[in-house]
Amino acid sequence: MTKTRSIVLGLTGLLLLTAACSGRSTATDASPTRSSSGPGLSKVLFLGDSIAAGEALPLAAAFKASRAGFQSIAADGGGNVVGPFSDKNWKKLPEQITSAEPTVVVYQLTTYDWGSPQAQRAAYDKLLTTVTGADAKLIFVTAPPIRPDDFYKPHMADLRRAPRTARTVAAGSSGRADVLDAGAVWGSTYQRVKDGKADRSTDGIHTCPQGAARFTDWLLTELAKRFPGFTPASPRAWANTGWSADAHFKGC
């Protein structure tokens, strides 16, 4: 049995898992759900690091099945708005956001969001101003907990603080920003296996297909709560569409 075949078979069980997490019945038609994204969620732009780049694979399939626009500019080894590499990112980020013409920008906090409270606050405020200038709403999403190695250990205090800083920015945004706590998906600590299947990569950082799909189902459900015109497609429409064989999941 090939590795790809094994992953696809594993996702058969995932359909039951994601439906259980969302409360949706698995006894639905396997074809993409026809839905109206409405004026409130015509296109989502997804920002983040390599964790987000892996999650973007099922997200793209799920938004397509849900008849909503989606674009990811998540970047391996970067994608952050504060910390290392962020100065280079900011040279292109405003134009990327504007040209994408999103209605919602989702920024998953990255493993590179290092810096003082003041630096984090300034960066998140700048992102909010940039997104608002593009006539879009900003949604911060907390990152999955990691198993830090020597590279990350000196920066864990910054990473633990980042969600609090994002919430402060959102609280003062007059409704232009929101924060979603993905702890509902990942828990509070790194967990390699969930429900008997690989959920996170062996590297202690990235996600596996099951985890990425669970995150996708959760995120679309959360967006549907905030944008009533958007109806997510059933996981049956996107969970087994080939994305799980991508190289982003090589640590699974």
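First, a word on what this report is: a plain description of the structure on this page. (Residues numbered from 1 in each chain as written. Predicted model: local features only at pLDDT ≥ 70, side-chain atom pairs only at ≥ 80, totals over all residues. Heavy atoms only, no water.)

**Looking at the overall build of the chain**
- Regarding its fold elements, the chain presents seven helices and seven strands.
- With 252 residues in all, the chain has 52% of them scored as buried.
- Taking as baseline every contact in the chain between residues at least 6 positions apart, the subset at least 24 positions apart corresponds to 80%.
- Total accessible area computed for the chain in this model is approximately 10,900 Å², and 53% of it derives from carbon and sulfur atoms. (Helix = DSSP H or I, 4+ residues; strand = E, 2+ residues; numbered from the N terminus. Buried < 20%, exposed > 50% of the residue type's maximum accessible area, 1.4 Å probe, protein only. Contact = heavy atoms within 4.5 Å. Areas by Shrake-Rupley, 256 points an atom, 1.4 Å probe, with all protein chains shown as cover.)

**Examining the sheet that holds strand β1 (residues 43-47)**
- Spatial ordering of the open sheet is given by β2-β1-β3-β4-β5, a layout of five strands whose pairing is parallel. Looking at which strands have only one partner, the edges of the open sheet turn out to be β2 (69-72) and β5 (177-180). Here the average twist between neighbouring strands, direction ignored, is 20°.
- Here four bridges tie strand β4 (residues 137-141) to β5, and the two strands are oriented parallel to one another. Looking at β5, one finds that Ile139 is bridged to Asp178.
- Against the sheet, helix α2 (residues 50-65) touches β1, β2 and β3 (104-108), its axis set at about 165° to β1.
- In the packing of helix α3 (residues 86-100) onto the sheet, contacts are made with β1, β2 and β3, and the angle to β1 comes to roughly 160°. (Pairing = 2+ DSSP bridges. Axes fitted to C-alpha atoms, helices over the stretch in contact; angles between N-to-C directions.)

**Examining the state of the cysteines**
- Counted by the stated rule, this structure contains one disulfide.
- One disulfide in the model links Cys208 with Cys252; its S-S distance is 2.1 Å. Residues Cys208 and Cys252 are joined through a disulfide that is left-handed, its torsion about the S-S bond being -105°. Here Cys208, found in the loop between β7 (197-198) and α7 (209-226), pairs with Cys252, found in the segment after α7; they are 44 residues apart in sequence, far enough to count as distant.
- Residue classification places Cys208 among the buried residues on the basis of a relative accessible area of 0%.
- The partly exposed category is assigned to Cys252, whose relative accessible area is 33%. (Disulfide = S-S within 2.5 Å.)

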